[in-house]
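Spelled out, the chains give:
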Amino acid sequence: MTIDENFLRLRKIVRMNGKYVMQKLFDDYVTGPITKKIIPSCILCGAEQKLTKEHVLPKWVFESNAKHFFTTDVNQLSQSYIKATIPACQSCNSFLLNGIERYIQRTLSEVDFKKRYYSPEEWGNVIRWLEIIDFKFQVLDISKKFLAHKTAGYVPAISDFSIAFMRDLSVRSVTSKARLALKRMGTKNKEKRANSLIVGEL
Ligand SMILES: [Zn+2]
């Protein structure tokens, strides 16, 4: 599959299943009863079978290093990138997302800024890829519990709330941010987004 076909397929999946996937995500982690039994499902198509662990940040970005971590702003707890995963079905993970990863990895390593910059198509695809990562981080924040605060410790009354909810303390804000991230993935044209992308070389 070419990269254009990959992104086209992604947009189709998002447009077809996005509404259902979002609603289930909100019901499971933000608006539904705390005792609700959650059935894991693919973050793109909603499938409940053949689920795999999709890394929020691709392994090659953090060089598969289990020690690399990020700190969640809301509770100041650290989490390794290697454990930051969300469910994706085998088909979405292996055939769709992996194909996009391979293309991005190749593009980022091949383009030598001393000789040329990215083509408009490559820019667009890098933005599309970053939008997928943004969406995945939002899903992670919605589906992860607050648990405890690094300094304040465990507070039973809030430990079960979603990280995303604790950040904004507003269901409306959480749902509209996630819906916007999903909408971006379903939109082809990225011209308006190109002015906010900065790329550098070390
Ligand atoms: Zn899927």
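For the structure itself, look to the data block above.
Since the structure is predicted, the reported quantities are computational estimates derived from the model, not experimental observations.

The rules behind these values
- Residues numbered from 1 in each chain as written.
- Predicted model: local features only at pLDDT ≥ 70, side-chain atom pairs only at ≥ 80, totals over all residues.
- Helix = DSSP H or I, 4+ residues; strand = E, 2+ residues; numbered from the N terminus.
- Rg over C-alpha atoms; globule rule 2.2 N^0.38 Å.
- Buried ≥ 20, exposed ≤ 12 C-beta atoms within 10 Å, placed from the backbone.
- Contact = placed C-beta atoms within 7 Å.
- Expected span 1.5 Å × (residues − 1).
- Axes fitted to C-alpha atoms, helices over the stretch in contact; angles between N-to-C directions.
- Parallel < 35°, antiparallel > 145°, perpendicular 65-115°, else oblique.
- Left-handed = near helix turned anticlockwise from the far one by under 90°.
- Nonpolar A, V, L, I, M, F, W, Y, C, P; charged D, E, K, R; others polar.
- Bend = angle between axes of the 7 residues up to and from the residue.

Colleague: Tell me about the overall build of the protein, residues and numbers included.
Modeller: Secondary structure assignment for the protein yields six helices and six strands. From first element to last, N terminus to C terminus, the protein shows the α and β order α-β-β-β-β-α-α-β-β-α-α-α. For 202 residues, the compact-globule formula gives about 17 Å, and the C-alpha radius of gyration of the protein, at 18 Å, lands near that figure. Put simply, the protein has 202 residues, and 26% of those count as buried. If you take every contact in the protein between residues at least 6 apart in sequence, the share linking residues at least 24 apart comes to 71%.

Colleague: So what's going on with helix 3 (residues 120-143)? Which residues, and what values?
Modeller: Quick reminder: α-helices carry 3.6 residues per turn. Residues three or four places apart thus point the same way. In this model helix 3 runs 35 Å from its N-terminal to its C-terminal C-alpha over 24 residues, within 8% of the 34 Å that 1.5 Å per residue would give. All of the buried residues along helix 3 are Asn125, Val126, Arg128, Trp129, Glu131, Ile132, Phe135, Lys136, Gln138, Val139, Asp141 and Ile142. Among the structural elements, helix 1 (3-31), strand 4 (85-89), helix 2 (90-110), helix 5 (163-168) and helix 6 (171-185) are those in contact with the buried residues of helix 3.

Colleague: Give a description of the packing of helix 1 against helix 6 that names residues and reports values.
Modeller: Any two packed helices are characterised by the angle at which their axes cross and by the distance between the axes. One way to put it is that helix 1 packs onto helix 6 with a least axis distance of 9 Å and a crossing angle of 165°. When the axis of helix 1 is compared with that of helix 6, the two are roughly antiparallel. The interaxial crossing formed by helix 1 with helix 6 has right-handed handedness. Touching Leu10, Val14, Gly18, Met22, Phe26, Val30 and Thr31 of helix 1 are Val171, Val174, Thr175, Ala178, Arg179, Leu182 and Met185, all from helix 6. Considered class by class, the residues forming the contact of helix 1 with helix 6 number 10 nonpolar, three polar and one charged.

Colleague: Break down the environment of methionine 166 for me, with residues and values.
Modeller: You can see methionine 166 is positioned in helix 5. Separated by 75 residues in sequence, methionine 166 and serine 91 place their C-alpha atoms 33 Å apart. The contact partners of methionine 166, leaving out residues within four places of it in the chain, are Val74, Phe146, Ile158 and Phe161.

Colleague: Could you give an account of the environment of tyrosine 117, naming the residues involved and the relevant values?
Modeller: Turning to its location among the elements, tyrosine 117 is positioned in the loop between helix 2 and helix 3. Here the alpha-carbon distance between tyrosine 117 and valine 199, two residues 82 residues apart in the chain, equals 9.8 Å.

Colleague: Break down unusual backbone geometry for me, citing the residues and quoting the values.
Modeller: One non-glycine residue, lysine 50, lies in the positive phi region at around 50°. Even without being a glycine, serine 64 presents a positive backbone phi close to 55°. Mapping serine 64 onto the fold places it in the loop between strand 1 (51-55) and strand 2 (69-71). Judged by local crowding, serine 64 falls into the exposed class, with 12 C-beta atoms found within 10 Å.

Colleague: Outline the packing of helix 2 against helix 3, listing residues and values.
Modeller: At a minimum axis separation of 11 Å, helix 2 and helix 3 run at an interaxial angle of 125°. With respect to their mutual orientation, helix 2 and helix 3 come out oblique. The handedness of the crossing between helix 2 and helix 3 comes out as left-handed. For the pair helix 2 and helix 3, the contacting residues are Ile100, Tyr103, Ile104 and Thr107 in the first and Glu122, Asn125, Val126 and Trp129 in the second.

Colleague: Summarise helix 2; cite the residues concerned and give the values.
Modeller: Here helix 2 spans 28 Å end to end across 21 residues, near enough to the 30 Å set by a 1.5 Å rise per residue. Maximum bend of helix 2: about 35°, positioned at asparagine 98. Where the residues of helix 2 are buried, they touch helix 1, strand 1, strand 4 and helix 3.

Colleague: Got a sec to walk through the environment of asparagine 98? Specific residues and values, please.
Modeller: In this structure, asparagine 98 sits in helix 2. For the pair asparagine 98 and proline 58, spaced 40 residues apart in sequence, the C-alpha separation works out to 9.4 Å.

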